[in-house]
There are 2 protein chains.
Amino acid sequence: MKIILDAMGSDNAPEAQIAGSVQAVKEFNDIEIVLVGQSEIINAELDKYEYPKHAISVMHAPDVITNNDEPAKAVRTKKESSMVVGATMLKNDEGDAFVSMGNTGALLASALLIVGRIKGVLRPALAPVIPTSSGVAMLIDAGANTDCKSANLVQFAIMGSVYMKNVLGYKSPSVGLVNIGAEEKKGNELTRETHQLLKQQTNVNFCGNVEGSDIIAGKADVVVCDGFAGNLVLKVIEGMGGYINQTFKNIFFKNIKTKLAAVLVKDGLKNFKKTMDYREYGGSPFLGIKKPVIKAHGSSDAKAVYSTVKQVRKIILTDVIGTIQTELEKMDLESAKTKPDFEK
Amino acid sequence: MKIILDAMGSDNAPEAQIAGSVQAVKEFNDIEIVLVGQSEIINAELDKYEYPKHAISVMHAPDVITNNDEPAKAVRTKKESSMVVGATMLKNDEGDAFVSMGNTGALLASALLIVGRIKGVLRPALAPVIPTSSGVAMLIDAGANTDCKSANLVQFAIMGSVYMKNVLGYKSPSVGLVNIGAEEKKGNELTRETHQLLKQQTNVNFCGNVEGSDIIAGKADVVVCDGFAGNLVLKVIEGMGGYINQTFKNIFFKNIKTKLAAVLVKDGLKNFKKTMDYREYGGSPFLGIKKPVIKAHGSSDAKAVYSTVKQVRKIILTDVIGTIQTELEKMDLESAKTKPDFEK
């Protein structure tokens, strides 16, 4: 399989992308990686490593989309950027998946405009895996669609379930609908209608509404919401994570006594830090696109790049896209007030 | 001033309400408290304390609204419940504020249906003060209104600013609009329209959009959103708080070495726990109601009841309601697509 990797546009580019790719191709002999970006810089960096030469190639792209670029405009105008070149290669079957650590909005736009949606998918969704107090959960949508209809949310539930089954090996992932109360009548118009639709899906293990605290407690394996709510949840969790880290520092780096304490609970602290470390969870797949497109964290280091490649390999091997297609056909939207136009 | 206190319907009722009230009237000689509930039980409990007898009286109400009651129905049918009796007393000027630790939905319904809105207020909002990494912030609305219009959010901004000025002494509280991006074009239809309206308010110190992580970082003193988003944020923070507490326990209660560590960082842990302790922040005012109605935590202990009474005293002394009325009249909704009908 061939993974197209955007080598530019992130905090540690291209060093992290290259080191992570080298580690990945050394471990898995069934993958090839195409690094897309400024070839001179990439080749100079690659020369520092020993690795099976056939497994990594470079595709030159002189331009870079940065985080300051306006997404849709950048995709339209920066045709020679690593992101647009990479997405176009994926579209043209020159690879099996595309990974980028760059501008999230621009990657979503590239995926939508260049690669395109799976037939029948109304709205692709960004779906990170987040830590919970009892394991992990998929949060879908985490920011690709701010205004959603109930049919969109049902598709998110189906796509998220497929991912958790295929990639993370869950037998029957439970699906929770983000809401502000447990009862089915609670919430806003969108959640009340979605609740009824999710109840009637045969291929979704719907466990009811989940509140903010339930998400953290890991009450559902797939947490379904519109992109506004999802992005909010994601960012509050990130913010709390940062706050806790700072608190730990304040508590333990105060004086010699507290530093001794840090040594005594070293293992526990390390475990906790690992739990909160985004690098452990790979990137966020953009589900609903014709081929796998994955957004990894903008501050990804080599380890995060490696984790993402490993995750993408699994996405390809377990045919997440094909399974999503099959499962979406079983979707039951009979009672939806707002029905999707499948041709749009 | 006279504060009406619902003595029933919470986890530690009526003991916590009584112990907290006794502490409050001992400290402040300008307050009287009316405890509403089952008088026999309340009087028996009151007999255990020494306190200025004129400062606490009891109003008998035989029935109780529990957390299992359906809010609107309970308010309609349980006329002799402590909550309905208390709200009715407030309406009839038999007190200056009403505090309850009971069923949140029922309290909101009592406030709306019995006490009524301030003229011109479209939607009253539940507005807790939450801890941030740099202090506190008011989150408005935290769950009273699931579907909001931009004019509602502008009113929340104004009411929240008044509260932070009057009760917490902020000179010019900054107001942030909850959104999923910093740029003004980001977000959903509601936030884009609200952003434009907030920019033109002369009595709101608008600091732009705030994302989930910005809320935690304390970027705004008043955090404005619809009740769906607000409740979600509140519950994720609560969930993370619980998760962190559990993590601390796992880290420190493992063995003799880690228990020693806990002793060494005792002060730091205590400070952190205090920061995350809802009891430090009093109750959540229900802003937009004609007279002060405050919801305190269902698991309030004596200390939390005392904090809430102290906070309510300040709400009355600084005339939060009167100031809200004055400030709402300055509201500028010229460019709102959806304008409020002030007579509704």
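In what follows, the accompanying structure is described. Values in this document were obtained by computation on a predicted structure and should not be read as measured data.

Focus: the sheet that holds strand β9 (residues 205-210) of chain A
Residues and elements named next belong to chain A.
1) Next: The 5 strands lie next to each other as β6-β7-β10-β8-β9, forming an open sheet whose pairing is mixed. The sheet terminates laterally at β6 (129-132) and β9, the two strands that pair on one side only. Averaged over neighbouring strand pairs, the angle between their axes works out to 30° when direction is ignored.
2) Next: Of the strand pairs in this sheet, β6 and strand β7 (residues 135-140) are connected by 4 bridges, and their pairing is antiparallel. Looking at the pairing, I130 lines up with A137 of β7.

A short note on the relation of the copies chain B and chain A
1) Next: Placing chain B over chain A gives an RMSD of 0.0 Å and needs a rotation angle of 180°, together with 0.0 Å of translation along the axis. When the rotation and shift are considered jointly, the pair of chain copies conforms to a two-fold rotation axis. In terms of C-alpha distance to the rotation axis, chain B has B:A261 as its closest residue, with the C-alpha 2.1 Å off the axis.
2) Next: Same-surface contact between copies: 100% of interface residues of chain B are shared with the interface of chain A.

A word on the environment of B:R279
1) Next: Among the structural elements, B:R279 can be located in the loop between α11 (266-275) and β11 (284-287).
2) Next: Not counting residues within four places of it along the chain, the set of residues in contact with B:R279 comprises B:D301, B:K303, B:A304 and B:S307.

Structural notes on unusual backbone geometry
1) Next: Across the junction of A:I140 and A:D141, the peptide omega takes the value 10°, indicating a cis bond.
2) Next: Inspection of the secondary structure puts A:D141 in the loop between β7 and α6 (150-166).
3) Next: Located in the positive-phi region is B:D319, a residue other than glycine, with phi close to 50°.
4) Next: Along the chain, B:D319 turns up in the loop between α12 (302-317) and α13 (320-328).
5) Next: The class for B:D319 is partly exposed, based on a relative accessible area of 43%.

A look at the interface of chain B and chain A
1) Next: Listed per partner, the contact involves 47 residues of chain B and 47 residues of chain A.
2) Next: Here chain B packs against chain A, burying approximately 4100 Å² in sum over the two surfaces, 79% of which is carbon and sulfur.
3) Next: Considering only the side of chain B, the residues that lose the most area to chain A are B:I180, B:F228 and B:Y243, jointly responsible for 17% of the buried surface there.
4) Next: For the interface between chain B and chain A, the tally reads 2 salt bridges.
5) Next: Note that A:K235 and B:E211 form a salt bridge whose closest N and O atoms lie 2.4 Å from each other.
6) Next: Linking chain B to chain A there are 8 residue pairs in polar contact (both at pLDDT 80 or more).
7) Next: The biggest single contributor to the side of chain B that touches chain A is helix α9 (residues 227-252) of chain B, with 18 residues.

Cut-offs applied
- Residues numbered from 1 in each chain as written.
- Chains lettered and ligands numbered in written order.
- Predicted model: local features only at pLDDT ≥ 70, side-chain atom pairs only at ≥ 80, totals over all residues.
- Heavy atoms only, no water.
- Pairing = 2+ DSSP bridges.
- Helix = DSSP H or I, 4+ residues; strand = E, 2+ residues; numbered from the N terminus.
- Axes fitted to C-alpha atoms, helices over the stretch in contact; angles between N-to-C directions.
- Least-squares fit on C-alpha atoms with pLDDT ≥ 70 in both.
- Contact = heavy atoms within 4.5 Å.
- Buried < 20%, exposed > 50% of the residue type's maximum accessible area, 1.4 Å probe, protein only.
- Buried area = accessible area lost by both parts, 1.4 Å probe.
- Salt bridge = Lys/Arg side-chain N within 4 Å of Asp/Glu carboxyl O.
- Polar contact = N/O pair within 3.5 Å; in protein donor to acceptor, adjacent residues only side chain to side chain.

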